[in-house]
Amino acid sequence: MATFTLPKNSKITPKGKAHTVQGASRVQKFRIYRWDPDSGQNPRYDTFELDLDQCGPMVLDALVKIKNEIDPTLTFRRSCREGICGSCSMNMNGKNGLACTTSIEDLKGEIRITPLPHMDVIKDLVPDFSHFYAQYASIRPWLQTATTTPSGKERLQTPEQREKLDGLYECILCACCSTACPSYWWNSDKFLGPAILLQAYRWLADSRDEMAGERLDQLEDPFRLYRCHTIMNCANVCPKGLNPAKAIAETKKMLVERAA
Ligand code: SF4
Ligand code: SF4
Ligand code: FES
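Remember, it's a predicted structure, so these values are computed and weren't measured experimentally. (Residues numbered from 1 in each chain as written. Chains lettered and ligands numbered in written order. Predicted model: local features only at pLDDT ≥ 70, side-chain atom pairs only at ≥ 80, totals over all residues. Heavy atoms only, no water.)

(A) Spotlight on the site of ligand 1. C181, S183, P194, C228, H229, T230, I231, M232, N233, C234, A245 and I248 make up every residue found near ligand 1. Residue assignment for the shell around ligand 1 shows that the elements contributing at least two residues are α7 (233–237) and α8 (244–259). Looking at the shell around ligand 1, its residues break down into eight nonpolar, four polar and no charged. (Near = heavy atom within 4 Å. Helix = DSSP H or I, 4+ residues; strand = E, 2+ residues; numbered from the N terminus. Nonpolar A, V, L, I, M, F, W, Y, C, P; charged D, E, K, R; others polar.)

Now the structure itself:
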């Protein structure tokens, strides 16, 4: 159920700490959301100034520099620093994206960094993905077959069949799209959201999968699929250039075709 006001303990109240840099010619200020569940305090924004001549070019470089040199308690997820693992998804100046592929120079003015919106926060920039992963598990994201594998070998695809997975298999489950989707903000308890629906379509589009009927049965529901109102925020923010709204539209088309 949607709530329209922040709970009291989520409001940003304490004055944050400010860390300045001296003698730098290219100073960049970062305003970063901080929340420590063990402190008993409300969230705050801390500001950190960095000398860009002493820092790598990406937002993740800045976060790593702050953690290494200024405040080791700053908490965020990262792994590959190549836009592959999806760990460093966060909101930068109001737009969701990957910190490792977002250039500092592309962001204007003071850079405000917060966790992905509308998710519970575990600490600082780390959101709780438990519900998102449970929704992912609910679509059974693996190849399901009813027949035995032909002549004991792998199931083959033609190049054309394989092409149908382009634009789908590249999803890194970063949740930038789902947490930018207004329908997901208000109905994430029941609506699967763009990331999970794109993944669901990835299996519907796979010529080797033999459970399309069961998969469609599971999606045919007023909330799970049909809360998408084609607002397109999902396609606008996807750091891999994917279009979940199109995958959702294809799924709806499959449902219409099977009902005809
Ligand atoms: S197109 Fe659908 S899934 Fe994408 S942001 Fe809009 S409502 Fe959400
Ligand atoms: S569709 Fe794009 S934004 Fe959404 S989870 Fe996959 S990679 Fe991330
Ligand atoms: S660190 Fe892996 S996607 Fe950014």
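(B) Summary view of unusual backbone geometry. Of note, the phi angle at D124 is positive, near 45 degrees, even though the residue is not glycine. Looking at the element boundaries, D124 is found in the loop between β7 (121–123) and β8 (126–127). The phi dihedral of T230 is positive, around 55 degrees, even though this residue is not glycine.

(C) The domain arrangement of the protein chain, seen in detail. On domain assignment, one finds that the protein chain holds domain 1 (8–127) and domain 2 (130–259). In this structure, domain 1 and domain 2 have C-alpha centres spaced 31 Å apart. Each partner contributes to the interface: domain 1 provides 13 residues, whereas domain 2 provides 13 residues. In total, domain 1 and domain 2 occlude about 1000 Å² of area from one another, counting both sides; carbon and sulfur atoms represent 65% of this. When the area that domain 1 buries against domain 2 is broken down by residue, the three leading residues are N96, H118 and M119, summing to 43%. Inspection of the domain 1/domain 2 interface yields zero salt bridges. In this assembly, domain 1 and domain 2 are joined by four residue pairs in polar contact (both at pLDDT 80 or more). (Domains from an automatic or database assignment. Contact = heavy atoms within 4.5 Å. Buried area = accessible area lost by both parts, 1.4 Å probe. Salt bridge = Lys/Arg side-chain N within 4 Å of Asp/Glu carboxyl O. Polar contact = N/O pair within 3.5 Å; in protein donor to acceptor, adjacent residues only side chain to side chain.)

(D) Looking closely at the packing of aromatic side chains. All told, the structure shown has six aromatic pairs when counted by the stated rule. Look at F129 and F132: their rings are 5.3 Å apart centre to centre, the planes differ by 70 degrees, and that puts the pair in the edge-to-face class. Here F129 matches F132 in class, with each residue buried. Taken together, a centroid distance of 5.4 Å and an interplanar angle of 50 degrees make the contact between F129 and Y133 tilted. (Phe/Tyr/Trp six-rings, centres within 6.5 Å; stacked < 30°, edge-to-face > 60°. Buried < 20%, exposed > 50% of the residue type's maximum accessible area, 1.4 Å probe, protein only.)

(E) Spotlight on the sheet that holds strand β2 (residues 27–34). Taken in spatial order, the six strands make up an open sheet running β1-β3-β2-β6-β4-β5, and their pairing is mixed. Unpaired on one side and paired on the other, β1 (18–19) and β5 (95–98) mark the two borders of the sheet. Here β2 pairs with strand β3 (residues 44–51) via eight bridges, running antiparallel. By the bridge assignment for β3, R31 is matched with T47. (Pairing = 2+ DSSP bridges.)

(F) Representation of the pattern of salt bridges. A complete count under the given rule lists 18 salt bridges for this structure. Residues D206 and R202 are paired through a salt bridge, measuring 2.9 Å at the closest nitrogen-oxygen approach. D206 sits in the buried class, given a relative accessible area of 3%. Residue classification places R202 among the buried residues on the basis of a relative accessible area of 12%. As a salt-bridge pair, K253 and E250 come within 3.7 Å of each other at their nearest N and O atoms. Note that K253 and E250 are positioned in helix α8 at a spacing of three residues, about one turn of the helix. Several salt bridges converge on common partners, so that one network encompasses R34, R44, D46, D71 and D124.

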